[in-house]
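Descriptive structure summary
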Amino acid sequence: MAAPVDEGRWDPALLALAHAVKLDDPVLVDRVWEPLRLTHGIHLRRDTGADPLEFTAEALTVAEGRGLLRRLAIDLINGDLVLPGFEERLTALLGAAAFNLQSFVNGDFTPKSALVSARRFLDSCDRVCRIDIGGEHRGTGVLVRPTLVATAAHVVQELVRVEGGVMVAVSGSRDALRLTFGYAEDYLPPPAAAPRGAAGPRGAAGPRGAAGLQAVSPLGEAGGVRAVASLGEAGGVRAVSLGEASGPRFDCPTGDRQIGPGEDVRVFEGEVAELHERWLAWCSLPTASERLGLEDVRDIAGITDVDGPWDLALIRLAQPRRGDRRTRLGVQPPGEPFPVHVLHHPGRASGTAEPLLWSIGRLDEQLGAPAVRYLHDANTVAGSSGAPLFDDEWRLVALHQGGGRTLQAVGDAAGVPEQARNRAVPVCRWLAKLDELEDVVPYLQEVGGPAGPRRVVGRRGTQERLWRALREGAPAEDRLLVVRGEPGTGLRFTKRLVGEYVRRHSDGVVVSLDVANALGTDTAGFAEHVAGTLSAELDVSPGAPDRVRDGIAPRLGAVLDGVGGSRAVWLVFEGFDRAGGRQGLDNLLLGLIGALPEYRTVRLVVVSWQQVPPEPYTRSVEDLKPPTAEDVACALVGPGGTPGPDDVAFAEFALGRAQAEHLTGYRAASRAIDLIRAMLKAREVA
Amino acid sequence: MTPVTPDEQRLVEAFLAGRSEAETRALVRRLSPPQLPQVAEDVVRVVRARAALSGAVAPRDLVRALPGGEAERVLDVVAIDFDRVLVGGQWRWTMRSGPREQTLVRLAAEGAVRAALAEADSVPTDEAGRTLRELAGVGRDGGRLFRRFAREKRDDRAILQALTWVAPLGGRQAYLAEARRRAGLMAVRDSYAALLDVGVHGRERELEVLREFVCAPADPRGPVPVLAVTGAGGVGKSTLLAALVVPYLDRQLDGEAGEGSVVVVIDFDREVFRADAELELSFEVTRQLGWAWPIAGADFSALRHQAREERRLAGETEFEAEARVLVDLHDLGRRTVVLVLDTFEDVRRDRPLSGGWNDPERPMMEWVRRLRHGMGLAGLRVVVSGRGSVSAVDGVVESLRLPEATGGSAGRLGR
């Protein structure tokens, strides 16, 4: 039993708050705490605490000291990890928030779940980017797959040309093109009067939860989703007073700026996404009349539902974003008019872009049967091109293309309502292209974490398997990875590689066990350890300890499949080479593998296991090879790049030098990279 | 590194061609050695040494005496080197074998094992960890220690775990092999012994039939004797088998198999014994023969490793034929080997369409025949336990059907 918690150690208010946190679902707690602590360099780990309450109290204290308490609290609420009374206790600590979600009804919009909609809204904001060319703003884009951004082709048209009948990027275009996610403005409410005295228990001055950059937007706090993290953490942030900000800058009535004089407006500069070396994944230009300016927004001459053209460019990123959850697509929008939301970066007269804006309108006409263009009345201006149109469920239904500048009200008054429309390109028309292009595996060049960074050389095969296994609904054979290899092939690095890859590209949880540490227990005990790595309990009846197939394996499988909710649970087993052959462990693993089709959230990575997996899984085995010159050359090009023959030849030369020093495998590859760096450095100095 | 030949010079120039100075500078930056975390290296070394000379520990015991902030930082840095498991509401960290090996090798090279042991001694740990410290403390000569372990009837699994952990310090390989043998046998024995906790009642006649079958002389040129123990689920088949095999396993555990009979137990509850994986079954038979006759064990182990490699590289292996060489070499062919195939209904579950091409029993019985004629186990006899009857490939199958338990005996029968 855990030692009794010394409750006197904690601030009573924080301790009271800790008592209102659900402590019986530690994996979900990890889901909230781990991203927060890793992002903010907090060393407190849940798995070092002897008591969940003690951990929770300490985590809240740390968060409070760092000005992250509101953020943590909201994440806990959104994760359904709080008990009745939590919000009251939080309010007692922080005072009332300046922002309250409100619901309203009008003729066009049906009421929606406030928090769900807010969360989806913020999630959508996180996927929208500003597009600049040569330092000048051109348009808006939206992440449609983890490595693909969609925008209107006319936004990037100056960077592409036709070659051999296909669209290709012009030389140097990668350097000119710039995609910035999270470019948005936000504001902070005026500091509320500290409800509980001027200082916290550790002497933190000022209002709790509102310190520095961590006091994120009220919207962000309300949503408590990753969008906030991106907005808040991305790049720099500059604060300008409202007086400095240029009035209503959008050339249509906005009326949504509620900030009073003297309040700070913060502009989050956002994060520039690195582009893939071959950034243009696909392009379909607009029709000639679209390029030259439509006289009639309903003109769809020359557009077919099969071949378009679609005025669409798909831009490939070097590293995936938001691999945890795909952008939701509305591929079958209703035929009747429905509300749409446009998230966009309109341009300013100065050539710069507005921070992220939100326009609301209705998609009320579909052109063609099947539809090849939509008409909507959400307000946009130049620079909005390529912006996403979401439906009320925040599913992407179309990309904004362009349209007339006449305001609806003006159009109505003038008796030309039919022209007062913007055009958009339906998602459903180019969906197949997305599926065709998606599968570009993102390779890591370095893993990080508290233990320090480490270079990744090679291991492309493993990463390709991991990428396949990450997918929602991945088949069972893709969710088993058996990795073998001789010393020097990086076998022991597998655990860390898996952890980093999954963390970067998904919200899955990774736990690992060394089976050579399980020799002191039987199969049932080992199964309990496996569950214990996930802070879960496994009830294995001591009366029948040897029933693996009917008893231990299915019980463990059920725990693994349920412990993370919808989140993938990755189990990495290693150390078989030191375990000396444990029949019980083999049996248990084979039991789990046999039932993998049923355990849809479970991924198994088995390192150095010599058993032959059952028939459907024979392709799940990877035999590692020592790093090659091509692997070394991959380190010489940027993420997503492909080394050329000169790069490989140079790497081969360096690898040869390293091997001449009697190094092999990973040591040789690592030494080769050091040699290359030393030589380049020497030339640079010279 | 400077290029030394004109060819190499050309390689470098070709590599740099088309790269601007800025690009080259960026590349140099990217190739820079990763920055290590900002923690005191000597503190981390102490923590690692404590962990390498411990079993499962409370993480905060590893960093005691460190200030709170630094303790958390150090634990965060070294966490990746540990299995971290919540057991009974307490977090327990156990160092992984790779980092443990590196740490122990370093300590041995520096002659610092004893000092590290003294430093780690006050860190509470589990039985395997305490045994590890005892083993590390006596160096390579552990004879007296192992005799004490035997007297004290120390837990075999804890000894095996400790020996595995301490292996990087060198020596003790024979003890490790013996510990593995005992642990393997114990696992089988314990799974059956648990069924005997309340004794065997009302099955004296059936038990006698089994014992007579085991002891009856076998004709090495005749068919393999097979006895089928059948009955409904829960009638007590496995309990009956337990009464038969546990005494044999106890003798084997104490190294007293000698010239006597040995039992080899295969439970088809285990998925690893898939009906289409007779090779795995043969591996298991040789593993258990090695437990009974340890002198042959190392040879069988090497042969299994070789067979796995052959199977991996070539897709097939002649394991049974090659095992015969070892059977003959160690004169095992004339010994009585009782092969017990338990939960045989699971074989049928794998191949439910009994009969014809998918007959689940036929490959099993052919495999049994190969053990006799291919591997050379002339003294082989087989007890098959399952819910239905069994037909032999050749010869006759004796049958022992257990009736439904009634009255007071019903409650005492297990599986």
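Residues numbered from 1 in each chain as written. Chains lettered and ligands numbered in written order. Predicted model: local features only at pLDDT ≥ 70, side-chain atom pairs only at ≥ 80, totals over all residues.

With respect to the overall build of chain B
Counting its regular elements, chain B contains 19 helices and seven strands. Within chain B, the proportion of its 415 residues that are buried is 42%. Within chain B, residue pairs in contact and separated by at least 24 positions form 74% of the contacts whose partners lie at least 6 positions apart. (Helix = DSSP H or I, 4+ residues; strand = E, 2+ residues; numbered from the N terminus. Buried ≥ 20, exposed ≤ 12 C-beta atoms within 10 Å, placed from the backbone. Contact = placed C-beta atoms within 7 Å.)

Regarding the overall build of chain A
A tally of regular secondary structure across chain A gives 21 helices and 25 strands. Contacts spanning at least 24 positions in sequence make up 72% of the contacts within chain A whose residues lie at least 6 apart.

What to know about the packing of helix 14 (residues 278–292) of chain B against helix 15 (residues 294–314) of chain B
All names here are of chain B. Orientation of helix 14 relative to helix 15, taken along the N-to-C sense of each, is 155°, at an axis distance of 7 Å. With respect to helix 15, the element helix 14 is oriented roughly antiparallel. Handedness of the crossing formed by helix 14 with helix 15: left-handed. On the side of helix 14, the interface is formed by Phe283, Thr286, Arg287, Leu289, Gly290 and Trp291, while helix 15 contributes Pro294, Ala296, Gly297, Phe300, Ser301 and Arg304. (Axes fitted to C-alpha atoms, helices over the stretch in contact; angles between N-to-C directions. Parallel < 35°, antiparallel > 145°, perpendicular 65-115°, else oblique. Left-handed = near helix turned anticlockwise from the far one by under 90°.)

Concerning the packing of helix 3 (residues 41–52) of chain B against helix 6 (residues 97–109) of chain B
All names here are of chain B. Axis separation between helix 3 and helix 6 bottoms out at 9 Å; the angle between their running directions is 105°. The angle between helix 3 and helix 6 places the two elements in the roughly perpendicular class. Here Arg48, Ala49 and Ala52 of helix 3 lie close against helix 6, whose contacting residues are Pro99, Arg100, Thr103, Leu104 and Leu107. Of the residues that constitute the contact of helix 3 with helix 6, the class distribution is five nonpolar, one polar and two charged. (Nonpolar A, V, L, I, M, F, W, Y, C, P; charged D, E, K, R; others polar.)

Some points on the confidence of the model for chain A
Residue and element names in this part refer to chain A. Residue-level pLDDT values for chain A average 78, and 78% of them are 70 or greater. At the level of individual helices and strands, chain A shows its lowest average pLDDT in helix 8 (residues 218–223), which scores 30, and its highest in strand 16 (residues 388–390), which scores 97. Low pLDDT (under 50) marks residues 98–105, which in the prediction has ten contacts with non-local residues, meaning those over four places away or in another chain. Within the model, pLDDT remains below 50 along residues 190–259, and this stretch shows 135 contacts once partners closer than five positions in the same chain are excluded. (pLDDT = per-residue confidence, 0-100.)

Overview of the sheet that holds strand 1 (residues 128–133) of chain A
All names here are of chain A. Spatial strand order, 10-6-1-2-3-12-11: seven strands in an open sheet with antiparallel pairing. Each edge of the open sheet carries a strand with a single partner, namely strand 10 (271–273) and strand 11 (275–284). Looking at each pair of strands side by side, their axes are set apart by 35° on average, direction ignored. Relative to strand 10, strand 6 (residues 177–181) runs antiparallel, the two sharing three bridges. Counterpart to Thr180 in the pairing with strand 10 is Val272. (Pairing = 2+ DSSP bridges.)

Thoughts on the pairing of strand 15 (residues 373–376) of chain A
Residues and elements named next belong to chain A. On strand 15, burial covers both faces: Arg373 and Leu375 on one face and Tyr374 and His376 on the other are all buried. The turn joining strand 14 (residues 357–367) and strand 15, which pair antiparallel and follow one another in sequence, is formed by five residues; a positive phi near 90° is taken by Gly368. By the bridge criterion, three bridges tie strand 15 to strand 18 (residues 422–426) in an arrangement that is antiparallel. Residue pairing across strands places Tyr374 opposite Ala424, the latter belonging to strand 18.

Some thoughts on the nonpolar core
Trp570, Leu571, Val605, Val632, Ala654 and Ala672 of chain A are the most contacted members of the largest nonpolar core, which has 126 residues in total. If one sorts the elements of this core by residue count, helix 21 (residues 665–685) of chain A sits on top with nine residues. (Core = buried A, V, L, I, M, F, W, Y, C linked by C-beta atoms within 7 Å.)

Focus: the sheet that holds strand 23 (residues 569–574) of chain A
Residue and element names in this part refer to chain A. Strands sit in the order 22-23-24-21-25 across an open sheet of five strands; the sheet is parallel. Two strands in the sheet have a free side with no partner beyond their single neighbour: strand 22 (509–514) and strand 25 (621–623). Here the average twist between neighbouring strands, direction ignored, is 15°. Contacts between helix 14 (residues 494–505) and the sheet are confined to strand 21 (480–484), strand 22, strand 23 and strand 24 (602–607), with strand 23 contributing the most and set at about 170° to the helix.

As for the pairing of strand 5 (residues 166–169) of chain A
Residues and elements named next belong to chain A. Across four bridges, strand 4 (residues 160–163) lies against strand 5 in antiparallel orientation. Bridging across to strand 5, Val160 finds its partner in Ala169. Taken together, strand 4 and the strand that follows it, strand 5, pair antiparallel across an intervening segment of two residues, in which Gly164 is found at a positive phi of about 60°.

Side note on the interface of chain B and chain A
Contact with chain B, which involves 58 residues of that partner, is made by 68 residues of chain A. Residue composition of the side of chain B that touches chain A, grouped by class: 28 nonpolar, twelve polar and 18 charged.

Here's the deal with unusual backbone geometry
All names here are of chain A. The step from Gly308 to Pro309 runs through a cis peptide bond, and the omega angle for that step is 5°. Here Pro309 lies in the loop between helix 10 (288–292) and strand 12 (312–317). At the junction of Ala369 and Pro370, the peptide bond is cis and its omega measures out at 0° in the coordinates. Residue position: Pro370 is located in the loop between strand 14 and strand 15.

Focus: helix 16 (residues 319–329) of chain B
All names here are of chain B. For helix 16, the complete set of buried residues consists of Phe319, Glu320, Ala323 and Val327. Seen from one end, helix 16 has its buried residues packed into an arc of 80°, which puts them on one side. Facing away from the buried side of helix 16, by more than 90 degrees, are the exposed residues Ala321, Asp328 and Leu329. Buried residues belonging to helix 16 abut helix 14, helix 15 and helix 18 (361–373). Trailing helix 16 by a residue or two, Asp331 shows a phi angle of about 55°, which is positive. (Arc of directions from axis to C-beta.)

Here's the deal with the environment of Asp126 of chain B
All names here are of chain B. You can see Asp126 is positioned in the loop between helix 7 (113–120) and helix 8 (127–137). In this structure, the C-alpha to C-alpha distance between Asp126 and Gly55, residues 71 residues apart in sequence, is 5.8 Å. Residues in contact with Asp126, not counting those within four places in the same chain, are Gly55 and Ala56.

Quick word on the confidence of the model for chain B
Residues and elements named next belong to chain B. Per-residue confidence for chain B averages 82 on the pLDDT scale, and 87% of its residues sit at or above 70. Least confident of the elements in chain B is helix 19 (residues 407–410), whose mean pLDDT is 42; most confident is helix 6, at 95. Low pLDDT, under 50, characterises residues 407–415; the stretch is placed with 20 contacts to residues that sit more than four places away or in other chains. The ipTM value of the predicted complex is 0.80, and its pTM value is 0.69.

Considerations on the environment of Met167 of chain A
Residue and element names in this part refer to chain A. Following the sequence through the fold, Met167 ends up in strand 5. It is 10.0 Å that separates the C-alpha atoms of Met167 and Gln157, two residues lying ten residues apart in sequence. Ignoring sequence-local partners within four residues, the contact set of Met167 consists of Val160, Val162, Leu280 and Cys283.

Overview of the environment of Ala176 of chain A
Residues and elements named next belong to chain A. Among the secondary structure elements, Ala176 is positioned in helix 7 (residues 173–176). With 16 C-beta atoms counted inside 10 Å, the residue Ala176 sits in the partly exposed group. When the C-alpha positions of Ala176 and Gly135 are compared, they lie 7.5 Å apart, and in sequence the two are 41 residues distant.

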